[in-house]
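Per-entry structural report
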Amino acid sequence: MCSPGINVPTPTGSARFLLITGYRDGVSTAVADIVRRFADHGYNVTPEAAEQIATAQNPEAALKRTLDSVPDTALVVAPDDVTAALQTDTPTVSTGGSDGNQATGDRSGPTAAARSVTITGDITGSSTGTGEYEDFVSLFQDRYEQLAALLRNRINHRPLNTVESLSGGSDLEVIGMVSDLRSTRNGNWLLELEDTTDTIPCLISTDREIATLVDELLLDEVIAVEGQLADDGDLLFVDAVHFPDIPRTYEPSTADRHVQAALISDVHVGSQDFMAEAWEAFVDWLHTPAADAVEYLLIAGDMVEGVGVYPGQDEELTIVDIYEQYEAFSERLKAVPGDLEIIMIPGNHDAVRLAEPQPGFDDELRSIMSAHDARITANPSLVTIEGVSVLMYHGVSLDDLIAEYPDTKATYDAPEQPMYHLLKKRHVAPQYGSHNRLAPETTDQLVIDEIPDIFHTGHVHKLGYGTYHNVLAINSGCWQAQTEFQSSMNIDPDAGYAPIVDLDTLDVTIRKFS
Ligand code: D5M
Ligand code: FE
Ligand code: ZN
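As a starting point, this report considers the structure included with it. (Residues numbered from 1 in each chain as written. Chains lettered and ligands numbered in written order. Predicted model: local features only at pLDDT ≥ 70, side-chain atom pairs only at ≥ 80, totals over all residues. Heavy atoms only, no water.)

What follows deals with the overall build of the protein. Check the secondary structure of the protein and you find 11 helices and 19 strands. Relative to its full complement of 514 residues, the protein shows a buried share of 59%. Long-range pairs, those at least 24 residues apart, make up 72% of the contacts in the protein between residues at least 6 apart in sequence. In the form shown here, the protein has an accessible surface area of approximately 20,800 Å², with 49% of it arising from carbon and sulfur atoms. (Helix = DSSP H or I, 4+ residues; strand = E, 2+ residues; numbered from the N terminus. Buried < 20%, exposed > 50% of the residue type's maximum accessible area, 1.4 Å probe, protein only. Contact = heavy atoms within 4.5 Å. Areas by Shrake-Rupley, 256 points an atom, 1.4 Å probe, with all protein chains shown as cover.)

Glancing now at helix α6 (residues 276-286). An α-helical turn contains 3.6 residues, so any two residues separated by three or four positions project in the same direction. Of all the positions in α6, only Ala-278, Trp-279, Phe-282, Val-283, Trp-285 and Leu-286 are classed as buried. Down the axis, α6 shows its buried residues gathered within 155° of arc, on one side only. Exposed side chains of α6 directed beyond 90 degrees from the buried face belong to Glu-277 and Asp-284. In the core, the buried residues of α6 are packed alongside β9 (260-264), β10 (294-300), α7 (322-334), β18 (497-502) and β19 (508-512). (Arc of directions from axis to C-beta.)

Burial analysis of strand β13 (residues 381-385) places 5 of its 5 residues in the buried class, the great majority of the element. Where burial is concerned, the two faces of β13 agree: the one with Ser-381, Val-383 and Ile-385 and the one with Leu-382 and Thr-384 are both buried. Across 5 bridges, β13 lies against strand β14 (residues 388-392) in antiparallel orientation. Bridging from a neighbouring strand, Leu-382 pairs with Leu-391 of β14. Where β13 folds back onto β14 in an antiparallel hairpin, the turn is made up of 2 residues, including Glu-386, whose phi is positive at roughly 55°. (Pairing = 2+ DSSP bridges.)

Right, let's get into the coordination of the zinc ion (ligand 3). Distances from the zinc ion (ligand 3) to its protein donors, namely Asp-302 (OD), Asn-348 (OD1), His-394 (NE2) and His-459 (ND1), fall within the range 2.1 to 2.3 Å. Here the donor residues of the zinc ion (ligand 3) share one chain and are spaced in sequence as D-x45-N-x45-H-x64-H. The distance between the zinc ion (ligand 3) and the iron ion (ligand 2) is 3.2 Å, with Asp-302 acting as a donor to both metals. Linking Asp-302 in the loop between β10 and α7 with His-459 in the loop between β15 (454-457) and β16 (463-468), this pair joins segments that are 157 residues apart in sequence. Each member of the pair, Asp-302 as well as His-459, is classed as buried. (Donors = N, O, S within 2.8 Å, 3.2 Å for Na, K, Ca; no water.)

Right, let's talk about the site of ligand 1 for a bit. Around ligand 1, the surrounding shell consists of Asp-266, His-268, Asp-302, Tyr-310, Asn-348, His-349, Asp-399, Tyr-412, His-459, Val-460, His-461 and Phe-485. A distance of 2.9 Å separates an oxygen atom of ligand 1 from a polar side-chain atom of Asn-348. With respect to ligand 1, the side chain of Asp-399 contributes an N or O atom lying 2.7 Å from an oxygen atom. The fraction of the free accessible surface of ligand 1 (470 Å²) that becomes covered by protein chains is 84%. Taking a 2 Å distance to the grid points as the criterion, the majority of the atoms of ligand 1 fall inside the largest pocket. Here the residues of the shell around ligand 1 are counted per class, giving 4 nonpolar, 5 polar and 3 charged. (Near = heavy atom within 4 Å. Polar contact = N/O pair within 3.5 Å; in protein donor to acceptor, adjacent residues only side chain to side chain. 1 Å grid on protein atoms, 1.4 Å probe; cavity = no way out; pocket = protein on both sides within 12 Å on 5 of 7 lines; lining within 4 Å. Sits in = over half its atoms within 2 Å of the grid points. Nonpolar A, V, L, I, M, F, W, Y, C, P; charged D, E, K, R; others polar.)

Another aspect to go through is the side chain of Lys-424. Assignment of secondary structure puts Lys-424 in helix α10 (residues 416-425). With residues up to four places along the chain from it excluded, the contact list for Lys-424 reads Leu-213, Glu-216, Phe-243, Pro-244, Asp-245 and Tyr-468.

Here it is in structure tokens:
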């Protein structure tokens, strides 16, 4: 129906894959994850055998099959055990009719076997932080290093502990993390930047055009500034501010055949406001020839309503047990055609830790949701489908941006706007504190180190999309009608919509099912 008409050249390319990479990890993280998963079941595994599973077409299925076939008495799982387990000829993605236990598949589109699917790892199971103060120091140092690296090709950074050797009036370029921002008595802005060596106060005069950027600055984000040192050398007068950003000339990749992905989020099964009829209409549509090209379903968190998420939430639940909520959600997934690849990440209502990055669901929840063989990965994750990379992030930090920014720069009615700012800052959760909780990992996995072709979020229950420097940003609405809380806050959710993206053109069609 509506389409922003983004036309990008179709790249020539070799075979396309579905590829999931949690941030900054590849096969080695996947191997570590597999070693841990075997240990959970009482087995040791050789690194070779773990790698064999990590690089299998469907590592999750390969792991399951190996675990099922190794004898209980085995102490070490070796490559031969994996080979033997994988030789048994079981399909990894269910196709064909419904037998009550399998996902349904009655469409005429290509079968799952026509698609090449690879997962190279996600952060699930490789959380490193111990929660000590030092972990936060290490997390923020890593954030600085990663984002400063993106700014260094534009800025000639001088380490802050060398600034005092400069004479007053010198030109200066620095890269720093925003550690303080306040207005002065004269109505100007005093910004404090910090690098790994020292801090520097920077003055942004309100009569300069760059003062309009002050609204956009968040504590803990990394920026660069250019300016002149004051005569006494202890203040930087700012002339220009730079963000890590995405180059304007970025050219997204596209699929080399006509194939579509449905991007949704916030299903909230278990809530009295879950819109069962709209969901059923969506799933029915997926079974029709009109949806033949829809081969991927991406779900950006909040599968279920959860329990104890907000005070008083229990009064609005139809299913009070968290496991039963996932069972009911799994039933909903089963109705989705079996030849669709489903990829999902958790949100703040899901039963994983709240602090980001959130690992994918644990084994118990995975087994409850196993009927459709969905791929489960961390929040956030970079998922590559048909050569198109999709950054999936649930979106809790959007609440923070909308709260901090003036309405001209971010509102709930246009959720793509704060998404653009996250892309510009190259970080999915720049500000530590408020709504967002950060896990004290030793590296910052929330940095947007690789530019995605599509940025997919949810959480705010509003539909919105557009492009920022050619990256398609989509916030995907929800499947939950207005809750009492939302009604009290005058939040009017966009419920029952499915944005469908043509992966070969990145055009968007919005389908309404409510
Ligand atoms: O979030 C849905 C949206 O509504 C998101 O913008 C947060 C906001 N929300 C919903 N309920 C509350 C309460 N009780 N307090 C604060 N903010 C709220 P979701 O993650 O689906 O709840
Ligand atoms: Fe939600
Ligand atoms: Zn949410």
